[in-house]
Amino acid sequence: MATQVLLGGRIIDPAHQIDRVGDLVIVDGRVAGIDVAYDASATRIDCRGNLVLPGLIDTHAHVYRYVTGRFGLDADTCGVHSGVTTLVDQGGPSCITIPGFRHYVAAPAKSRVKAFISAYLVGGLEGHYYPELYRPGCLDVDATVDSALANRDLVRGIKAHAEIGGFERWGLDVMRLAAEVGRQADLPVYIHFGQLWPSPTENRLPVDPDTIFTQVLDLVKPGDVLAHPFSRHPGGFVSTSGEVHPLVTEAVARGVRIDVGHGSHFSFAMARQVLGAGFVPDTLGADMHGYNTRVPPPPGTPAIHPDEGDHMFAGAVRFSLVSAMTSMLALGLSLEQVVPMVTTHAARLLQMEDEIGHLGLGAVADVSVLHDERGKWTLRDNEGNQAVTSQYLRPRFCLRAGERFDADAGILPQPQSLAA
Ligand SMILES: [Zn+2]
């Protein structure tokens, strides 16, 4: 019987209202309790000064590596090697390509990998770079519903976009079809807000960015997710005149959820406005991908796509879900607010709250252990806004069903470079 003991960390398990220093005992890959007796042969890991949390869940990942071109990252780099035990790919696989996602990504990954299946036939090829692949004729409601239901173990929702470039091309039609997929499959739809596609050069429909939220709200159902509330791009939660959209309150009252979808369009200024209006997101997706996360290339890798163009985001950085947690702390949210975003709330979004996101007796031992450092760091977003934080979280290691993975991914930030 293999026993592991995480000694003396601050254990936070929001599902069971636990927040205290103690020893977490794991036997044969399952939680055996806190401060319970264990045998002398146990592997003991000193976790004093660390946070010991239910395995972190990243609700917005892009890990359909190779198939989505430069966009898809390696699952375990974003997952277990960054202290994250569960990843949810947002819109990489489609009804056509999900068998490949299952076989080549989800099955071999050490991280637990789930997906919100793309509403579009092509999925997230090259990060949705070619808008014409996403026109209404390139969705098949029946095929996507069938695929989602046939892959229910893997597929936890549907991914779609409500943004200006699409609305200027096709109006609301694509969103209407995506909402129909969500209704028929009875799965949440995760809706991207904020401009993604550039405006078309011809046949452009007039679209007031501030009406997008209103139009989409007519299509959403309880449990659907509005993503990127803190985006610096127009067409989202904050209007062009700088006000938080008046219908956000109504959306939340209807049971619609909000996911941070951090990414590179994250703006501290927008975040302060939305939080200041009283809206705290339900979940926190990191939204890392090949254009915003600098991955050290393996030696001798050929340039697959020589034209980098403006498709590459300036200032690609080292990043992780845990960095996104630090961003939330820098905005003034408390650790008690941030931990549920990446544990209990995320598990509920996946309808997996019995299985993951908590440290209850007998639960599978998905556990994330973080350094909890105090000092002064200055964080910067891609608009140049700054936020100063006195608390900086850094992944140390995680257990995935009891198997230990150190947080050694090359994409993890080095906090000393941010010291103020
Ligand atoms: Zn994304």
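Residues numbered from 1 in each chain as written. Predicted model: local features only at pLDDT ≥ 70, side-chain atom pairs only at ≥ 80, totals over all residues. Heavy atoms only, no water.

(A) Spotlight on the overall build of the protein. Secondary structure summary: the protein contains 11 helices and 15 strands in total. Over its C-alpha atoms the protein spans a radius of gyration of 21 Å, differing by no more than 12% from the 22 Å that the globule rule assigns to 420 residues. When its C-alpha atoms are laid out on the principal axes, the protein stretches across 75 × 50 × 45 Å. A buried classification covers 60% of the 420 residues belonging to the protein. Taking contacts inside the protein between residues at least 6 apart in sequence as the whole, the part at least 24 apart equals 79%. When the accessible surface of the protein is totalled, it reaches about 16300 Å², and 53% of it is carbon and sulfur. (Helix = DSSP H or I, 4+ residues; strand = E, 2+ residues; numbered from the N terminus. Rg over C-alpha atoms; globule rule 2.2 N^0.38 Å. Buried < 20%, exposed > 50% of the residue type's maximum accessible area, 1.4 Å probe, protein only. Contact = heavy atoms within 4.5 Å. Areas by Shrake-Rupley, 256 points an atom, 1.4 Å probe, with all protein chains shown as cover.)

(B) The arrangement of the packing of helix H3 (residues 141-150) against helix H5 (residues 173-185) in detail. Between H3 and H5, the shortest axis-to-axis distance is 9 Å and the interhelical angle comes to 40°. One element, H3, and the other, H5, form an angle in the oblique class. In the crossing of H3 with H5, the sense of the turn from one axis to the other is right-handed. For the pair formed by H3 and H5, the contact residues are Val141, Asp142, Thr144, Val145, Ala148 and Leu149 on the first element and Leu177, Glu180, Val181, Gln184 and Ala185 on the second. For the contact of H3 with H5, a count of residues per class yields 7 nonpolar, 2 polar and 2 charged. (Axes fitted to C-alpha atoms, helices over the stretch in contact; angles between N-to-C directions. Parallel < 35°, antiparallel > 145°, perpendicular 65-115°, else oblique. Left-handed = near helix turned anticlockwise from the far one by under 90°. Nonpolar A, V, L, I, M, F, W, Y, C, P; charged D, E, K, R; others polar.)

(C) Seen up close, the coordination of the zinc ion. Within the protein, the zinc ion binds to His60 (NE2), His62 (NE2) and Asp287 (OD); these donor distances fall in the range 2.1 to 2.2 Å. Counting the intervening residues between successive donors of the zinc ion yields the motif H-x1-H-x224-D. Of this pair, His62 sits in the loop between strand E6 (56-61) and helix H1 (75-78) while Asp287 sits in the loop between helix H8 (268-276) and helix H9 (321-330), and the two are 225 residues apart along the sequence. Here His62 falls in the buried class, since its relative accessible area comes to 4%. (Donors = N, O, S within 2.8 Å, 3.2 Å for Na, K, Ca; no water.)

(D) View of the pattern of salt bridges. This model, assessed by the stated rule, comprises 20 salt bridges. In this structure, Arg10 engages Asp19 in a salt bridge whose closest nitrogen and oxygen atoms are separated by 2.8 Å. Judged by its relative accessible area of 23%, Arg10 is partly exposed. Linked through salt bridges whose partners overlap, the residues forming this network are Arg112, Glu355, Asp366 and Arg400. (Salt bridge = Lys/Arg side-chain N within 4 Å of Asp/Glu carboxyl O.)

(E) Main features of the pairing of E6. Buried residues dominate E6, accounting for 6 of its 6 residues. Examined bridge by bridge, E6 and strand E7 (residues 84-90) share 4 bridges and lie parallel to one another. Directly across from Ala61, in E7, lies its bridge partner Asp89. (Pairing = 2+ DSSP bridges.)

(F) Focus on the packing of aromatic side chains. For the coordinates displayed, the defined rule picks out 13 aromatic pairs. Residues Trp170 and Trp197 carry aromatic rings whose centres are separated by 5.6 Å and whose planes lie at 80° to one another, so their mutual orientation is edge-to-face. Of the two residues, Trp170 is situated in helix H4 (residues 164-170) and Trp197 in the loop between strand E10 (189-193) and helix H6 (209-217); the sequence distance between them amounts to 27 residues. There is no split in this pair, since Trp170 and Trp197 are both buried. Ring centres 6.1 Å apart and planes at 70° place the aromatic pair Phe230 and Phe266 in the edge-to-face group. Placement of Phe230 in the loop between strand E11 (225-227) and helix H7 (248-253) and of Phe266 in the loop between strand E12 (257-259) and H8 is noted, with a sequence separation of 36 residues between them. Comparing Phe230 with Phe266, the two get one shared label, buried. Every member of this aromatic cluster is reached through a ring pair, and the members are Tyr120, Tyr134, Trp170 and Trp197. We note Arg404 situated over the ring of Phe397; from NZ or CZ to the ring centre the distance is 4.2 Å. (Phe/Tyr/Trp six-rings, centres within 6.5 Å; stacked < 30°, edge-to-face > 60°. Lys NZ or Arg CZ within 6 Å of the ring centre and 35° of its normal.)

(G) Local environment of the sheet that holds E12. Taking strand neighbours across the sheet as the criterion, the 7 strands line up as E6-E7-E8-E9-E10-E11-E12 in an open arrangement whose pairing is parallel. The sheet terminates laterally at E6 and E12, the two strands that pair on one side only. Taking each pair of neighbouring strands and ignoring which way they run, the sheet shows an average axis angle of 25°. Alignment of strand E9 (residues 155-162) against E10, held across 5 bridges, turns out to be parallel. Across the sheet, the residue bridging to Ile158 is Val189, located in E10.

(H) Just the environment of Gly278, in detail. By the element assignment, Gly278 lies in the loop between H8 and H9. We classify Gly278 as exposed; its relative accessible area is 52%.

(I) The arrangement of the pairing of E7 in detail. The element E7 is extensively covered by neighbouring structure, given that 7 of its 7 residues are classed as buried. In the sheet, E7 pairs with strand E8 (residues 112-118) via 5 bridges, with the strands oriented parallel. Bridge pairing in E8 links Gln90 to Phe116. Handedness of the crossover is the feature at issue here: the chain leaves E7, passes through helix H2 (residues 98-106), returns alongside E8, and the resulting connection is right-handed. (Right-handed = clockwise from strand over helix to strand, strands pointing away.)

(J) Highlighting the state of the cysteines. Applying the stated criterion across every chain, the model contains 0 disulfides. In this structure Cys78 is not part of a disulfide, and its nearest cysteine sulfur, from Cys398, lies 13 Å away. (Disulfide = S-S within 2.5 Å.)

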